[in-house]
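# Architecture and fold: a report
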Amino acid sequence: MADRATGLLGYRVLFAALAAAVAFVQLLPLNLGPGKLPGPDVLMLLAFSWVIMRPDYVPVALIAAVFFLADLLFMRPIGLWTALVVLGTEFLRARSFTLRDTPFLLEWLLVAGVITAVFLANSLILGLFAVTQAGFGLTLIGLVATILAYPLVVILAGRAVGLKKIVPGEVDRLGHRQ
Amino acid sequence: MAVGGLVLVLLAVFLLWRIDSPRAERFRAQIVDTIVPNLEWALVPVTEAVDLVRGFQSYAALQRQNRELRDELQRMKAWKEAALQLEQENAKLLDLNKVRLDPALTVVTGQVIADSGSPFRQSVLLNVGAARDGIKDGWAVTDGLGLVGRISGVGRNSSRVLLLTDSASRVPVTIQPSGQRSLLTGDNTALPILDFIEAPEEVRPGDRVVSSGDGGVFPAGLLVGNVVLARDGRLRLRLTADYERLEFLRVLRNQPGETIAPPEGLVGPLLPAPSVALTEEDLQPEPADG
């Protein structure tokens, strides 16, 4: 029991460390000029992939804290992206049990839907509150890049660190790990 | 329902940011200031390592560049001599004139340690802050070639520069030689827009653009760039500053322009109301002496 608890804490710390590494790479002052196409939002993909594979490794508080810090560091309107990502991860967390058995393509489709909803809600709310935001085209390119990068993040940030979806036999009827 | 509460709290923070933006941005600057400069030991070497890897990719280009830099260094040494002589001559002449240069126009040099982290925000973080260098919000930043942006967000050891290409950047400029005023508006592309030009037919591509100092916000006369006519038909600015290679930036210390205070000394303070009723006697003028 005790080493299961430390295992849990270890994976949570690992998630925080991965998020910190992603933020570090994004803050590096390379390619400072404007006019570059936006890349995928790796932090959001990291949270979504981990919440589907192992929901108890990423509690809501951890996700909220990590994304709130990211909002502050990346010059985004504080709190909005965090709120939307929390809603997205909670939606996926509720379905993570069913998603264990679905083929990867369907899971990708569902995650794509959630990502689109987050991006759209972000644009709508910013438009509602008259906050200047990037043009529609750039946001769309970012959205498509994020959706396309989901399998890469699943492989790199999931399988590579030893995360897999829970297979039958690993948990008993009550959902506790053996 | 803890999740619902959490989401509501986050949305409330967003509302707070929207309503009281300066306070929220100060909070952001404090957090960034505590976190990012502590990573300078990692950010700077990694940046330099990536640049080195790019350099290794074309070894021949590196050798050629080395040779060119050596030649340039030799030429620069000659310029350095000339500059030193001019500086001495200048000091002598100024002394003759008894002119004192404004000590307010000094510079602080800072190094770029981090990006803004988002492709939609054009800003960089400098490693000079309020504690040691006295950086204040709104000061102009140049890179030696031309204007780069302004300080927007100051922490103890770091400060954020909002580049001219960011969509929130607005700088009043003057287009020479016609002398027209315009507003340089960033729109997240490499060529910011020149807005509100009164007589666009008097402006020609290639005209030099300098900061106008309107509103006492920026010092006047800083070179910003040259006018170009973009493909979409609008007048845009090609910046002289080298945005691809921002490394060492100079922050110009300028105090805000002098504002004329309201003439408070003209009308004196209200006298207290008399507590005793005035009699006829008091109202008569005093008899003059003599």
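Computed from a prediction, not measured in an experiment: that's the story for all the values here. Sequence order as written defines residue numbering, which begins from 1 separately in each chain. Chains carry letters from A onward and ligands carry numbers from 1 onward, assigned in written order. Under the rules for a predicted model, residues below a pLDDT of 70 receive no local features and side-chain atom pairs below 80 are neither given nor counted, while totals for whole chains, interfaces and linings still include all residues. Derived side-chain values reflect all non-hydrogen atoms in the structure, with water molecules and hydrogen atoms excluded from consideration.

### A look at the overall build of chain A
Secondary structure elements are defined from DSSP: runs of H or I of at least 4 residues count as helices, runs of E of at least 2 residues count as strands, and each element is numbered from the N terminus. Helix and strand counts for chain A stand at 7 helices and 0 strands. Seen in sequence order, chain A has helices and strands lined up from the N terminus as α-α-α-α-α-α-α. Looking at chain A as a whole, 48% of its 178 residues are labelled buried. The contact definition used throughout considers only heavy atoms, calling two residues in contact when any of these lie within 4.5 Å. Look at the contacts in chain A between residues 6 or more apart in sequence, and 76% of them connect residues 24 or more apart. Only protein chains enter the accessibility calculation, which uses a 1.4 Å probe; a residue whose area is less than 20% of its type maximum is buried, one above 50% is exposed, and one in between is partly exposed.

### Comments concerning the packing of helix H2 (residues 42–53) of chain A against helix H7 (residues 150–158) of chain A
Residue and element names in this part refer to chain A. Note on geometry: axes are C-alpha line fits, over the in-contact stretch for helices, and angles between N-to-C directions span 0 to 180 degrees. Contact geometry of H2 with H7 gives a least axis separation of 9 Å together with a crossing angle of 65°. Accordingly, the angle class assigned to the pair H2 and H7 is roughly perpendicular. For the element pair H2 and H7, the recorded crossing hand is right-handed. Residues Val42, Leu45, Leu46, Ser49, Trp50, Ile52 and Met53 of H2 lie in contact with H7, whose contacting residues are Tyr150, Val153, Val154, Ala157 and Gly158. Residue polarity is assigned by list, with Asp, Glu, Lys and Arg as charged and Ala, Val, Leu, Ile, Met, Phe, Trp, Tyr, Cys and Pro as nonpolar; anything else, Gly included, falls into the polar class. The residue makeup of the contact of H2 with H7, split by class, is 10 nonpolar, 2 polar and no charged. Angle categories are assigned with fixed cut-offs, so that under 35 degrees is roughly parallel, over 145 is roughly antiparallel, 65 to 115 is roughly perpendicular, and the rest are oblique. What makes a crossing left-handed is the near helix being turned counterclockwise from the far one by less than a right angle; a clockwise turn instead makes it right-handed.

### A short note on the pairing of strand S4 (residues 147–154) of chain B
Residue and element names in this part refer to chain B. A pair of strands is treated as paired once DSSP finds two or more bridges between them. Of the pairings in the sheet, the one linking strand S3 (residues 140–142) to S4 comprises 3 bridges and is antiparallel in character. Bridge pairing in S4 places Val141 opposite Gly149. Linkage of S3 to S4, two consecutive antiparallel strands, is achieved through a turn of 4 residues, within which Gly144 is found at a positive phi near 90°. One ladder, built from 4 bridges, connects S4 with strand S5 (residues 159–163); its direction is antiparallel. Note on S5: the bridge partner recorded for Arg150 is Leu162.

### Topic: the nonpolar core
In terms of nonpolar packing, the biggest core is built from 67 residues, with Phe15, Met44, Phe48, Phe67 and Ile115 of chain A together with Val36 of chain B touching the most fellow members. When near neighbours in sequence (up to four residues on either side) are disregarded, Phe15 of chain A contacts Leu46, Ala47, Trp50, Val58, Leu62 and Val66 of chain A. Working definition of a nonpolar core: buried Ala, Val, Leu, Ile, Met, Phe, Trp, Tyr and Cys residues. They are joined through side-chain atoms within 4.5 Å.

### As for the packing of aromatic side chains
Residues and elements named next belong to chain A. Pairing of aromatic side chains here covers Phe, Tyr and the six-membered ring of Trp, requires ring centres within 6.5 Å, and sorts the geometry by plane angle: under 30 degrees stacked, over 60 edge-to-face, intermediate tilted. Overall, the coordinates contain 7 aromatic pairs over all chains when judged by the stated rule. A centroid spacing of 5.4 Å and a plane angle of 85° characterise the contact between Trp81 and Phe119, whose relative ring orientation is edge-to-face. Taken as a pair, Trp81 in helix H4 (residues 80–99) and Phe119 in helix H5 (residues 104–128) lie far apart in primary sequence, 38 residues in all. Using a relative accessible area of 4% as the deciding quantity, one classes Trp81 as buried. Residue classification places Phe119 among the buried positions, given a relative accessible area of 12%. Considering the side-chain rings of Phe104 and Trp108, the 6.0 Å spacing of their centres and the 35° angle between planes classify their relative orientation as tilted. Residue Phe104 and its partner Trp108 are both found in helix H5; the two are separated by 4 residues, about one turn of the helix. Through pairs of rings, three or more aromatic residues link up here, namely Phe104, Trp108 and Tyr150.

### Things to note about the interface of chain B and chain A
Taken together, the contact pairs 47 residues of chain B with 40 residues of chain A. Here chain B packs against chain A, burying approximately 3800 Å² in sum over the two surfaces, 75% of which is carbon and sulfur. Among the residues of chain B in contact with chain A, Leu10, Phe14 and Arg28 of chain B are the three that bury the most area, contributing 16% of the side total. Counted as salt bridges are all cases of a side-chain nitrogen of Lys or Arg within 4 Å of a carboxyl oxygen of Asp or Glu. Counting the contacts that link chain B with chain A gives 0 salt bridges. Definition of a polar contact: a pair of N or O atoms within 3.5 Å, with one able to donate and the other able to accept a hydrogen when the atoms are protein atoms, and with sequence-neighbouring residues admitted only if both atoms are side-chain atoms. For the pair chain B and chain A, the interface holds 7 residue pairs in polar contact (both at pLDDT 80 or more). Broken down by element, the residue count for the side of chain B that touches chain A peaks at 10 residues, all from helix H1 (residues 2–19) of chain B. The buried area of a pairing is the accessible area, by a 1.4 Å probe, that goes missing from both parts when the two are put together, added over both.

### Remarks on the pairing of strand S12 (residues 248–252) of chain B
All names here are of chain B. Sheet topology note: the strand S1 (residues 107–114)/S12 ladder contains 5 bridges and is antiparallel. Paired with Gln111 across the two strands is Phe248, which belongs to S12. Where S3 and S12 come together, 2 bridges link them in antiparallel fashion. Opposite Val141, over in S12, you have Val251 as the bridge partner.

### Comments concerning the pattern of salt bridges
All names here are of chain B. This structure, assessed with the given rule, holds 12 salt bridges over all chains. The closest approach of N and O atoms between Glu68 and Arg64, which form a salt bridge, is 3.3 Å. One end of the pair is Glu68 and the other is Arg64, both in helix H4 (residues 59–97) and 4 residues apart, which spans about a single turn. Taking relative accessible area as the criterion, Glu68 reaches 42% and is therefore assigned partly exposed. For Arg64, a relative accessible area of 44% gives the class partly exposed.

### With respect to the sheet that holds S5 of chain B
Residues and elements named next belong to chain B. The strand order S1-S2-S5-S4-S3-S12 describes a closed barrel built from 6 strands, whose pairing is antiparallel. Taking the axes of each pair of neighbouring strands and ignoring which way they run, one obtains an average angle of 45° across the sheet. With 4 bridges connecting them, strand S2 (residues 123–126) and S5 associate as antiparallel partners. Its bridge partner being in S5, Val124 is matched across the sheet by Val161.

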